[in-house]
Amino acid sequence: AVAVALLLTPGKAHITSLSRKDPNEYLTEADTQSLVTALWNSQPYRPDGIVNVKDVQADDPVLGEIMDYPWEGPKQNLYGRRFGELIIHTSGSGMGKSTVLRELVHYDIYAGNKPGLMFLEENATQTVQSLISLELNKPVRRILASRAVNVARKRCGKKPIKFDINDNLTDKEYASALAKLRETGLSLYDHFGSVDGAELIQKMEYMVKALGCRVIYLDHISIVISGLDSGNERKDIDILMTNLRSFVERTQCRVEAVC
């Protein structure tokens, strides 16, 4: 019906919906009046996406639920964070994009925004330890790394290195912070390296619809397409961004991604 409607002058085609198999069944059941009514009630064909302003849901002047930022600057300049948005964080290498995302994750955990994490540059254990660092306000991963280096040096009969770091992390506070984080029910994608774009969005959809995540953090987009061998990275990124934007609109979640 739609294929035929597209051949006709716009506004001339009407499409009806029958409650019986076909017009003949109306006749054999002596129900011709219902057939005539169905034909007269046929709706004009209108392509998907074309709507009348009276059908747009805008009766409530409130913009919807707004999430706050943990910092004063963005609060003033960006007027909060909204669901149904795709936000891209970009800057030079090593300038703190991932750190910003982790700060937002830590804030969202306790603000009730239920984040889902897809940090493709590290495994899930490293992500959890980074969040413990924020919980304790201590460089947990650096402290643990410095200890591991000196343990290895001791095995080789070498003197320990004095790192420029305050090693004041106790086993008790680490365990306490880990237990507190586990109680939040935080969802993470335990995967390292490149992943197919379609598979990635499938995992994100599961996080939103099955696990109830409201904000997805993706770090970072470049890794998603790094494993492809199409020879056209720009086109691959464009396709992924289009699919991500469609996903956000479809699910009305918020995606914060690094590129």
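Details of the structure are given in the entry above.
Read on for an overview of the structure.

Calculation notes
- Residues numbered from 1 in each chain as written.
- Predicted model: local features only at pLDDT ≥ 70, side-chain atom pairs only at ≥ 80, totals over all residues.
- Heavy atoms only, no water.
- Helix = DSSP H or I, 4+ residues; strand = E, 2+ residues; numbered from the N terminus.
- Contact = heavy atoms within 4.5 Å.
- Pairing = 2+ DSSP bridges.
- Axes fitted to C-alpha atoms, helices over the stretch in contact; angles between N-to-C directions.
- Phe/Tyr/Trp six-rings, centres within 6.5 Å; stacked < 30°, edge-to-face > 60°.
- Lys NZ or Arg CZ within 6 Å of the ring centre and 35° of its normal.
- Buried < 20%, exposed > 50% of the residue type's maximum accessible area, 1.4 Å probe, protein only.

### Quick word on the environment of Ala-38
The topology assignment puts Ala-38 in helix 3 (residues 32-40). Taking the C-alpha atoms as reference points, Ala-38 and Lys-114, separated by 76 residues in sequence, lie 48 Å from one another. Aside from chain neighbours lying at most four places away, what touches Ala-38 is Thr-16, Ser-17 and Leu-18.

### Observations regarding the sheet that holds strand 8 (residues 215-219)
Read from one edge of the open sheet, five strands run 5-9-8-6-7, paired in parallel fashion. Of all strands in the sheet, those with a lone pairing partner are strand 5 (86-89) and strand 7 (187-188), marking the two edges. Taken together, the two bridges between strand 6 (residues 115-119) and strand 7 define a ladder with parallel strand orientation. If you follow Gly-116 over to strand 7, its bridge partner there is Ser-187. Seen against the sheet, helix 9 (residues 197-209) touches strand 6, strand 7, strand 8 and strand 9 (254-258) and runs at an angle of roughly 160° to strand 6. Its contacts with the sheet place helix 11 (residues 233-251) against strand 5, strand 8 and strand 9, and it is angled at close to 135° to strand 5.

### Quick word on the packing of aromatic side chains
With the rule as written, the count across this model stands at zero aromatic pairs. One cation-aromatic arrangement involves Arg-20 over Tyr-26; the distance from NZ or CZ to the ring centre is 5.7 Å. Over the face of the ring belonging to Tyr-69 we find Arg-81, whose NZ or CZ atom lies 5.3 Å from the ring centre.

### Considering unusual backbone geometry
Look at the link from Asp-219 to His-220: it is a cis peptide, with omega at 0°. By secondary structure assignment, the location of His-220 is in the loop between strand 8 and helix 10 (221-226). With phi around 55°, Ala-30 is a residue other than glycine that occupies positive phi space. We classify Ala-30 as exposed; its relative accessible area is 69%. One non-glycine residue, Gln-252, lies in the positive phi region at around 60°. Residue placement: Gln-252 occurs in the loop between helix 11 and strand 9.

The quantities given are spatial measurements derived from coordinates; they are silent on function.
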